[in-house]
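Structural overview for review
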Amino acid sequence: MHSLQPLLSAFVPIWILTAIGYLVSRTGLLGDQAELVLGRFVFHVAMPAALFTMLAKAPLRSFANPSMVAFAAGTLAAGLLGWAAARWLFGRRPADQAIAGMAAGYVNSANLGIPVAVQVLGDASFVGPVLLFQVLLVTPVILGALDAGTDQGDGTNRLLRMVRMPLRNPIILASALGVVCSATGFRLPGALGHSCELLGAAGVPTALITLGMSLHARPAAERAPGAATHRAEVGLAVLTKNLVQPLVAFTVGSLLLHLTTHQLLAVVVCSALPTAQNVFIYARQYGLSTALPRDSVLFSTLLSMVTLSAVDWALTAH
């Protein structure tokens, strides 16, 4: 088995920034509204800048490769399982069902996927297609479900909102502009492009700070009515994310697609990544409960240290 030190070095910054967020909230340093304001900053400003910058430079042709079929199968299976459990086991609202599906199947491919891929695979080439898949296909579906699930208007107004959603949602709009720039070869002028990169770089650390701030209220929530149900819901989401998703990807990749050992390792490693903090940001932005996405990110990240090490050992031992 490879040393745990490289994996540990990829996870430590996540834990440190989350802990800083917790301390900031506990001390009241930024005031009562800090978590809300920082969450809005990430959703409306920093994350769109990061996605635009990434997609504008990404070669779209990398999206089409057999390995992505296996990764997509794992994502679909995990997402559907999370959604079905939220609907039929826990009786959640439609918008919360979408968040549950995302918590179970949306991997942290951006800030964690790249360092883990470099350490385990030797390069991060497969992370690019994974990012494209999640941003271009999974994210619009989730945000569309959230938009529909939180809209209280009649059928006509709901349809108009759905049609206008790409223009109203900064995540989808920035992603679409990034794809256009990639397809046409357009690049922002130097100073403007650099400014966009700097703004986008604030997205991940601010999201982790916001996530850490939300943990300050967690002990009280654990004593509230329904805490046992919440623990069961989080446990199912985390097990689905860390075990079911990579197992489905492995099965499809090995038995159906007959991927090479390195391709299979790349697919399973990326599928075994923990839940992305984007899920927490989306839930907060749409006014939904953040308990499930918050705890799913936290515990899936802790467990993934074990599952990623096991995947690395199992697929490279022989």
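The following paragraphs examine the structure supplied in this document.

Calculation rules
- Residues numbered from 1 in each chain as written.
- Predicted model: local features only at pLDDT ≥ 70, side-chain atom pairs only at ≥ 80, totals over all residues.
- Heavy atoms only, no water.
- Disulfide = S-S within 2.5 Å.
- Buried < 20%, exposed > 50% of the residue type's maximum accessible area, 1.4 Å probe, protein only.
- Phe/Tyr/Trp six-rings, centres within 6.5 Å; stacked < 30°, edge-to-face > 60°.
- Helix = DSSP H or I, 4+ residues; strand = E, 2+ residues; numbered from the N terminus.
- Salt bridge = Lys/Arg side-chain N within 4 Å of Asp/Glu carboxyl O.
- Axes fitted to C-alpha atoms, helices over the stretch in contact; angles between N-to-C directions.
- Parallel < 35°, antiparallel > 145°, perpendicular 65-115°, else oblique.
- Left-handed = near helix turned anticlockwise from the far one by under 90°.
- Contact = heavy atoms within 4.5 Å.
- Nonpolar A, V, L, I, M, F, W, Y, C, P; charged D, E, K, R; others polar.
- Expected span 1.5 Å × (residues − 1).
- Core = buried A, V, L, I, M, F, W, Y, C linked by side-chain atoms within 4.5 Å.
- Polar contact = N/O pair within 3.5 Å; in protein donor to acceptor, adjacent residues only side chain to side chain.

Quick look at the state of the cysteines now. Where two cysteines share a covalent bond between their sulfur atoms, that bond is called a disulfide. Scanning the entire structure with this criterion turns up zero disulfides. In this structure Cys181 is a free cysteine whose sulfur lies 9.4 Å from that of Cys196, the closest cysteine sulfur available. On the accessibility criterion, Cys181 (10% relative accessible area) is buried.

Quick look at the packing of aromatic side chains now. Applying the stated criterion across every chain, the model contains five aromatic pairs. With a centroid separation of 5.8 Å and an interplanar angle of 90 degrees, the aromatic rings of Phe43 and Tyr282 are classed as edge-to-face. Of this pair, Phe43 sits in helix H2 (residues 34-57) while Tyr282 sits in helix H14 (residues 278-285), and the two are 239 residues apart along the sequence. Residue Phe43 is classed as buried on the basis of its relative accessible area, which comes to 2%. According to the relative accessible area criterion, Tyr282 is buried, its value standing at 0%. Centroid distance Phe43 to Tyr286: 6.3 Å. Interplanar angle 90 degrees. Geometry classified as edge-to-face. You can see Phe43 sitting in helix H2 and its partner Tyr286 sitting in the loop between H14 and helix H15 (291-316), a full 243 residues away along the chain.

Going through the model one piece at a time under the given rule, you end up with five salt bridges. Among the salt bridges present, the one from Arg284 reaches Glu35, with a minimum N-O distance of 2.5 Å. Of this pair, Arg284 sits in helix H14 while Glu35 is found in helix H2, placing the two residues 249 residues apart along the sequence. For Arg284, a relative accessible area of 23% puts it in the partly exposed group.

We now examine the packing of H2 against H14. Helix-helix packing is characterised by the crossing angle of the two axes and by the distance between the axes. Between H2 and H14, the least distance of the axes is 10 Å, while the angle of their chain directions is 110 degrees. In this view, H2 runs roughly perpendicular relative to H14, as classed from their interaxial angle. Where H2 crosses over H14, the two elements pack in a sense that is left-handed. Contacts between H2 and H14 involve Glu35, Leu36, Gly39, Arg40, Val42, Phe43, His44 and Met47 from the former and Asn278, Phe280, Ile281, Tyr282, Arg284 and Gln285 from the latter. The residue inventory of the contact of H2 with H14, partitioned by class, reads seven nonpolar, four polar and three charged.

For His258, which is not a glycine, the phi torsion comes out positive at approximately 55 degrees. Structurally, the position occupied by His258 is in the loop between helix H12 (227-256) and helix H13 (261-271). Assessed through its relative accessible area of 61%, His258 is described here as exposed.

Each full turn of the α-helix corresponds to 3.6 residues, which orients residues three or four apart in the same direction. End to end, helix H10 (residues 203-214) covers 17 Å across 12 residues, agreeing with the expected 16 Å (1.5 Å per residue, within 8%). Within H10, 10 of the 12 residues are buried, which leaves it mostly tucked inside the rest of the structure. Gly203, Thr206, Ala207, Leu208, Ile209, Thr210, Leu211, Gly212, Met213 and Ser214 are the residues of H10 that are buried.

Judged by nonpolar contacts, the single largest core of 65 residues is most densely connected at Phe71, Val116, Phe126, Leu146, Val269, Ile281 and Tyr282. Among the elements that take part in this core, helix H6 (residues 127-149) stands out by supplying 10 residues, more than any other. Setting aside residues no more than four positions away along its own chain, Val269 makes contact with Val116, Val120, Leu121, Leu308 and Val311.

Another aspect to go through is the side chain of Thr75. Topologically, Thr75 is positioned in helix H3 (residues 66-89). Take Thr75: its relative accessible area is 9%, and that puts it in the buried class.

Now for the environment of Gly105. For Gly105, the location among the structural elements is in helix H4 (residues 94-105). Sequence separation between Gly105 and Asn242 is 137 residues, and the spatial gap between their C-alpha atoms is 9.0 Å. Ignoring sequence-local partners within four residues, the contact set of Gly105 consists of Thr75, Ala78, Gly79, Gln134, Lys241 and Gln245.

Here we take up the packing of helix H5 (residues 113-121) against H13. Packing of H5 against H13 brings their axes to within 11 Å, and their N-to-C directions diverge by 150 degrees. Classified by the angle between their axes, H5 and H13 sit roughly antiparallel to one another. Viewed along their axes, H5 and H13 form a crossing whose handedness is right-handed. Across from Val116, Val120 and Leu121 in H5, the residues of H13 making contact are His262, Leu265, Ala266 and Val269. Here the residues of the contact of H5 with H13 are counted per class, giving six nonpolar, one polar and no charged.

Relative to the elements of secondary structure, Gln134 occurs in helix H6. Given a relative accessible area of 1%, Gln134 falls into the buried group. Among the polar contacts made by the side chain of Gln134, one reaches the main-chain amide nitrogen of Val107 at a distance of 2.9 Å. Beyond its immediate stretch of four places on either side in the chain, Gln134 contacts Phe71, Gly105, Tyr106, Val107, Ser109, Thr139 and Pro140.

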